[in-house]
Amino acid sequence: MSPRAPSPPARPDQAFISVRGLTLRFPVYGYDAKSLKKHLARVAVGGRLDQARHGSTTVTAITGLDLELRAGDRLGLIGHNGSGKTTLLRALSGAYEPDEGQIEVRGKIAPLLDLSLGIDPTATGLENIRLRGRIAGLSARQVDDKMDEIAAFTGLGPFLAMPLKTYSSGMQARLAFAVATAVDADVLLMDEWIAVGDADFQKIAHQRLLGLVERAGILVLASHDLDLIRLYCNKVMRMDAGVGSEVVSVKALDELLARPSVR
Amino acid sequence: MEITEHMLRTGSRGFRDDLARALEDLRRSGQGLGLAWSLAWHDVVSRYRGSILGPFWITLSMAVMVLGIGFLYAELQNIPLATTLPFVALGIVFWGLISQTIIEGCESFVQASGMLSQTALPMLTFVWRTVLRNLAALLHHMVIVVAVIIGFGLWRTLNLPLALAGLVLVLINISWMCLLTAIISARFRDIPQIVMSIMQFSMFMTPVFWQPGARVGMMDAVLTWNPFFHMLDAIRAPLMGLAPEASTFPVLIGMALIGWVVAFGLFTVTRRRIVHYL
């Protein structure tokens, strides 16, 4: 399929994801390859230094992946560690540029890949909410508008005025979760379902995530937990060493797993 | 609800397309300048958290340095204090802006690796963050500048519009230097030390505290071929009521043009790879 092929017709008010022939390669630099001085020294001696430590190898993380998702699709990504699930999520978030093929996403993307993104432990809870909100693409005014709601949701009350490093890890997770999920998005990318806090908080966190998923047009969830995928997703894709299977209904999950390999 | 966000990423289609994408990054980073400012301001606030004077601590230590070096060099070079002290004060304050921005430029992308590897934020946002952070620091140090301007009566002779034009040109120049060091230090991790050594060497080779004497021999070469002299001269001379060197503004404009072409060219070529360097 040509990467220049026109995008499929979709209603302009609906989110969609279209990935065609996506191939992603990473250069992996050896320790010495990160040093300019050793680089120059190597040139000077005609490249006879230790090759192994110097070499930069290329790893192909995703090979020729095709994916079409429409509003209402909740895709579960399954596969072993290192099969390229997180890399695909990062590519969908716009952080990684394809080496071949193309990625097209319509709609506001909210990557919930790492809760601690943009969190500064020395800043107070309120400052962290502000900062994280800004990074997620909210304007200063939008953050102000949502501040009360986010603050109330964390349930941290007066602690919000204290530095994050004085929080317990559960409290930190609550705050990070509250901010990360405060963004209204059309496309939600998640690396493992986020479960944080004590039992009570887990219950309301679950409600909030469900609400978010319902509002978002598309969910892509990478997980090893098959029950979770059955619960939240209506479609699944299996990845094996960077190669994606076709997208099937979640009802066919067992058949998909029974296959020896996608390749 | 109308959906406005639309992202299209493709494999490389050659230099022209890469350039268009690099320019797109520039445009989006311009729209998101508010974010760069928020991050920069957060950096300033968090760096001095818990201290009473905040960023003014640096201002205070600069003021002490200005007084010490001012008195010392007035003696050493046999020049009246009324000339030396404003010269040294303006020199140290604006040298701080130039060298800190370039040195901190090295960390622009490396520090933002978390954000760069999982969001679609424009990369240049993090260059503006470094520049704006240092501009915020400069605003605090303006206390010294204003004190000198009032205390030594420079306000009678200063040429403020020219000094501001000089400041803008310097900012344009240190921005490309910041971008350049940001990219190269992402790829080679020993660059920050090299940059630091270069900046320290340059501080001694540039008339930051010492008054340039007659332009003969070595002195002429040091002044003519030192970009940092021109940067400093463009701001300091108008503030002291002097005319900058005839070559200063043309050099700065030429350097800005060539520098941005080189730095942006490198950005265009490496933009896809930078996130993998981190």
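Residues numbered from 1 in each chain as written. Chains lettered and ligands numbered in written order. Predicted model: local features only at pLDDT ≥ 70, side-chain atom pairs only at ≥ 80, totals over all residues. Heavy atoms only, no water.

**Thoughts on the confidence of the model for chain A**
Residues and elements named next belong to chain A.
Move 1: Scored by pLDDT, chain A comes out at a mean of 79, with 87% of its residues at no less than 70.
Move 2: Mean pLDDT across the elements of chain A bottoms out in helix α2 (residues 51–54) (52) and peaks in helix α3 (residues 85–93) (89).
Move 3: In the predicted structure, residues 1–10 sits below a pLDDT of 50 and forms 19 contacts with residues beyond four places in sequence or in another chain. (pLDDT = per-residue confidence, 0-100. Helix = DSSP H or I, 4+ residues; strand = E, 2+ residues; numbered from the N terminus. Contact = heavy atoms within 4.5 Å.)

**A short note on the interface of chain A and chain B**
Move 1: Contact residues are listed per partner, giving 48 residues for chain A and 40 residues for chain B.
Move 2: Of the roughly 3,900 Å² buried where chain A meets chain B, counting both sides, 54% is carbon and sulfur surface.
Move 3: When residues of chain A are sorted by the area they lose upon contact with chain B, K34, E97 and R134 of chain A head the list and together hold 17% of the total.
Move 4: In this assembly, chain A and chain B are joined by four salt bridges.
Move 5: At the surface where chain A touches chain B, the tally comes to 13 residue pairs in polar contact (both at pLDDT 80 or more).
Move 6: Those elements giving two or more residues to the side of chain A that touches chain B turn out to be β1 (16–29), α1 (36–44), α3, β4 (100–106), β5 (109–112) and α4 (125–135) of chain A.
Move 7: Among the elements that line the side of chain A that touches chain B, the one with the most residues is β4 of chain A, at seven residues.
Move 8: Considering only residue class, the side of chain A that touches chain B consists of 22 nonpolar, nine polar and 17 charged. (Buried area = accessible area lost by both parts, 1.4 Å probe. Salt bridge = Lys/Arg side-chain N within 4 Å of Asp/Glu carboxyl O. Polar contact = N/O pair within 3.5 Å; in protein donor to acceptor, adjacent residues only side chain to side chain. Nonpolar A, V, L, I, M, F, W, Y, C, P; charged D, E, K, R; others polar.)

**Some words on unusual backbone geometry**
All names here are of chain B.
Move 1: Look at N78: it is not a glycine, yet its phi comes out positive at around 60 degrees.
Move 2: Tracing the backbone shows N78 in the loop between α3 (56–76) and α4 (81–105).
Move 3: For N78, a relative accessible area of 71% corresponds to the exposed category. (Buried < 20%, exposed > 50% of the residue type's maximum accessible area, 1.4 Å probe, protein only.)

**Description of the packing of helix α1 (residues 15–31) of chain B against helix α12 (residues 248–277) of chain B**
Residues and elements named next belong to chain B.
Move 1: Here α1 crosses α12 at 100 degrees, and the two axes come no closer than 9 Å. Of the possible angle classes, the one that applies to α1 and α12 is roughly perpendicular. Seen from α1, the contacting residues are F15, D18, L19, R21, A22, L23, D25 and L26; seen from α12, they are F264, F267, T268, V269, R271 and R272.
Move 2: Taken together, the residues of the contact of α1 with α12 break down into eight nonpolar, one polar and five charged. (Axes fitted to C-alpha atoms, helices over the stretch in contact; angles between N-to-C directions. Parallel < 35°, antiparallel > 145°, perpendicular 65-115°, else oblique.)

**Observations regarding the confidence of the model for chain B**
Move 1: When pLDDT is averaged along chain B, the result is 88, and 98% of the positions lie at 70 or above.
Move 2: Of all the helices and strands in chain B, helix α10 (residues 217–224) of chain B carries the lowest mean pLDDT, 80, while helix α8 (residues 160–187) of chain B carries the highest, 93.

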